[in-house]
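Overview (structure and organization)
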Amino acid sequence: SQQGEEDPQALSIQEGENATMNCSYKTSINNLQWYRQNSGRGLVHLILIRSNEREKHSGRLRVTLDTSKKSSSLLITASRAADTASYFCATEGTGFQKLVFGTGTRLL
Amino acid sequence: EPEVTQTPSHQVTQMGQEVILRCVPISNHLYFYWYRQILGQKVEFLVSFYNNEISEKSEIFDDQFSVERPDGSNFTLKIRSTKLEDSAMYFCASSLGTAREKLFFGSGTQLSVL
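The structure reproduced in this document is the subject of the present report. (Residues numbered from 1 in each chain as written. Chains lettered and ligands numbered in written order. Predicted model: local features only at pLDDT ≥ 70, side-chain atom pairs only at ≥ 80, totals over all residues. Heavy atoms only, no water.)

Considering the overall build of chain B
Helix and strand counts for chain B come out as zero helices and 11 strands. Each helix and strand of chain B, ordered N terminal to C terminal, gives the series β-β-β-β-β-β-β-β-β-β-β. Compactness check: chain B gives a C-alpha radius of gyration of 13 Å against a globular reference of 13 Å for 114 residues, within 12% of the reference. Dimensions of chain B, computed from C-alpha atoms along their principal axes, come out at roughly 35 × 25 × 25 Å. Counting only contacts in chain B whose residues sit at least 6 apart along the sequence, the fraction spanning at least 24 positions is 55%. Accessible surface for chain B amounts to roughly 5,700 Å². Of this, 46% is attributable to carbon and sulfur atoms. (Helix = DSSP H or I, 4+ residues; strand = E, 2+ residues; numbered from the N terminus. Rg over C-alpha atoms; globule rule 2.2 N^0.38 Å. Contact = heavy atoms within 4.5 Å. Areas by Shrake-Rupley, 256 points an atom, 1.4 Å probe, with all protein chains shown as cover.)

This is the structure we're talking about:
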């Protein structure tokens with residue numbers, strides 16, 4: 001299975017602190033994406049990192065990718081109450097016709 | 001910003017009934033998807049659709065499920081005979097390119113089968 005596994009399952013932090021979420025996956029990938037979901041609503045794309053990239057930034061988001069360890073991390077700096085949501089990593093499946101989502105991290 | 005729209009937002013049906021979930025993908029997108037999420041659980045892939053045919057489907061997407069793009073704008077998911085375990089939030093998504101590009105998701109249809 002391509003499915004990613006996020007760690008931790010849940011994370012509770014204070015406003016202003018940094019939040020780090022990790023994702024591990026099982027097979028080779030072309031890219032890895034992070035999505036955010038507010039309270040069972042639709043997923044919103046946050047950032048995409050390609051397999052030949054090691055780090056990417058977007059505003060307060062920093063994503064790293066280690067293809068040798070088949071893992072990625074998402075760092076949200078200076079967190080705000082509005083960052084409360086579930087965060088999912090996703091990788092494309094065989095044939096590139098689907099994204100397979102991980103189990104998600106609930107950030108409070 | 002363009003968005004994917006889904007209707008209805010909530011659907012309640014009796015077990016055994018047929019339901020059709022509707023989606024309007026972003027107009028210039030070429031790839032369309034259905035995902036579902038049982039409350040509090042992972043987001044599961046159901047089916048992808050490109051060039052008027054199914055490109056990939058999961059084990060969940062059995063003979064009770066079908067998808068259609070009846071015109072140039074709508075993309076529908078039909079469940080022929082609903083079961084209790086079909087109760088979930090169903091998300092439609094679209095993308096300009098393959099799953100190597102980002103997906104745009106609708107807000108979902110909450111399906112409750114009684």
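Details of the layout of surface pockets
One water molecule sets the probe size; rolling that probe over the atoms shows where empty space is left. Approximately 430 Å³ is the volume found for the largest pocket. In this structure, the largest pocket is lined by 23 residues; those nearest its centre are Gln37(A), Ser86(A), Gln37(B), Gly40(B) and Gln41(B). Counting residues per element, the ones that place at least two in the lining of the largest pocket are strand S9 (85–92) of chain A together with strand S9 (88–95) and strand S11 (109–113) of chain B. Among the residues forming the lining of the largest pocket, the class breakdown is seven nonpolar, 14 polar and two charged. (1 Å grid on protein atoms, 1.4 Å probe; cavity = no way out; pocket = protein on both sides within 12 Å on 5 of 7 lines; lining within 4 Å. Points joined across faces, edges and corners; volume = space filled by probe spheres on them. Nonpolar A, V, L, I, M, F, W, Y, C, P; charged D, E, K, R; others polar.)

Regarding the pairing of strand S6 (residues 55–58) of chain A
Residues and elements named next belong to chain A. The pairing of S6 with strand S7 (residues 61–66) spans four bridges and is classified as antiparallel. When the sheet's bridge partners are listed, Lys56 is paired in S7 with Val63. Where S6 folds back on S7, the antiparallel hairpin that results is connected by two residues, among which Gly59 adopts a positive phi of roughly 60°. (Pairing = 2+ DSSP bridges.)

Comments concerning the sheet that holds S7(A)
Sheets are built from strands paired through backbone hydrogen bonds, the pairs being either parallel or antiparallel. Residues and elements named next belong to chain A. Taken in spatial order, the five strands line up as S1-S3-S8-S7-S6 in an open sheet, and their pairing is antiparallel. Two strands in the sheet have a free side with no partner beyond their single neighbour: strand S1 (5–7) and S6. Across the sheet, the mean angle from the axis of one strand to that of its neighbour is 20°, orientation sign disregarded. (Axes fitted to C-alpha atoms, helices over the stretch in contact; angles between N-to-C directions.)

A word on the interface of chain B and chain A
With 21 residues of chain B in contact, the opposing surface of chain A contributes 23 residues. Carbon and sulfur atoms supply 52% of the area that chain B and chain A bury against each other, a total of about 1,900 Å² over both sides. Our enumeration of links across chain B and chain A arrives at one salt bridge. Residue Glu56(B) is joined to Lys98(A) by a salt bridge in which the shortest nitrogen-to-oxygen separation is 3.4 Å. The interface formed by chain B and chain A contains five residue pairs in polar contact (both at pLDDT 80 or more). With four residues, the top contributor of residues to the side of chain B that touches chain A is strand S4 (residues 31–37) of chain B. Here the residues of the side of chain B that touches chain A are counted per class, giving 10 nonpolar, six polar and five charged. (Buried area = accessible area lost by both parts, 1.4 Å probe. Salt bridge = Lys/Arg side-chain N within 4 Å of Asp/Glu carboxyl O. Polar contact = N/O pair within 3.5 Å; in protein donor to acceptor, adjacent residues only side chain to side chain.)

Focus on the pattern of salt bridges
Counting across every chain of the model gives seven salt bridges over all chains. Measuring nitrogen to oxygen at the nearest pair gives 2.9 Å for the salt bridge that ties Arg60(A) to Asp83(A). Taken together, the residues Arg60(A) in the loop between S6 and S7 and Asp83(A) in the loop between strand S8 (71–76) and S9 connect sequence positions 23 residues apart. Residue Asp83(A) is classed as buried on the basis of its relative accessible area, which comes to 6%. Close ionic contact of Glu44(B) with Arg36(B) constitutes a salt bridge, the shortest N to O distance being 3.3 Å. When sorted by exposure, Glu44(B) lands in the same class as Arg36(B), which is buried. Each of Arg36(A), Arg60(A) and Asp83(A) takes part in a single network of salt bridges with overlapping partners. (Buried < 20%, exposed > 50% of the residue type's maximum accessible area, 1.4 Å probe, protein only.)

A closer look at the state of the cysteines
Residues and elements named next belong to chain A. Applying the stated rule across the entire model yields two disulfides over all chains. A disulfide bridge connects Cys23 with Cys89, and the sulfur atoms are separated by 2.0 Å. Sign of the S-S torsion, about 65° for the bond between Cys23 and Cys89, identifies this disulfide as right-handed. Of this pair, Cys23 sits in strand S3 (residues 19–24) while Cys89 sits in strand S9, placing them 66 residues apart in sequence. Taking the relative accessible area as the measure of exposure, Cys89 reaches 1% and is therefore buried. (Disulfide = S-S within 2.5 Å.)

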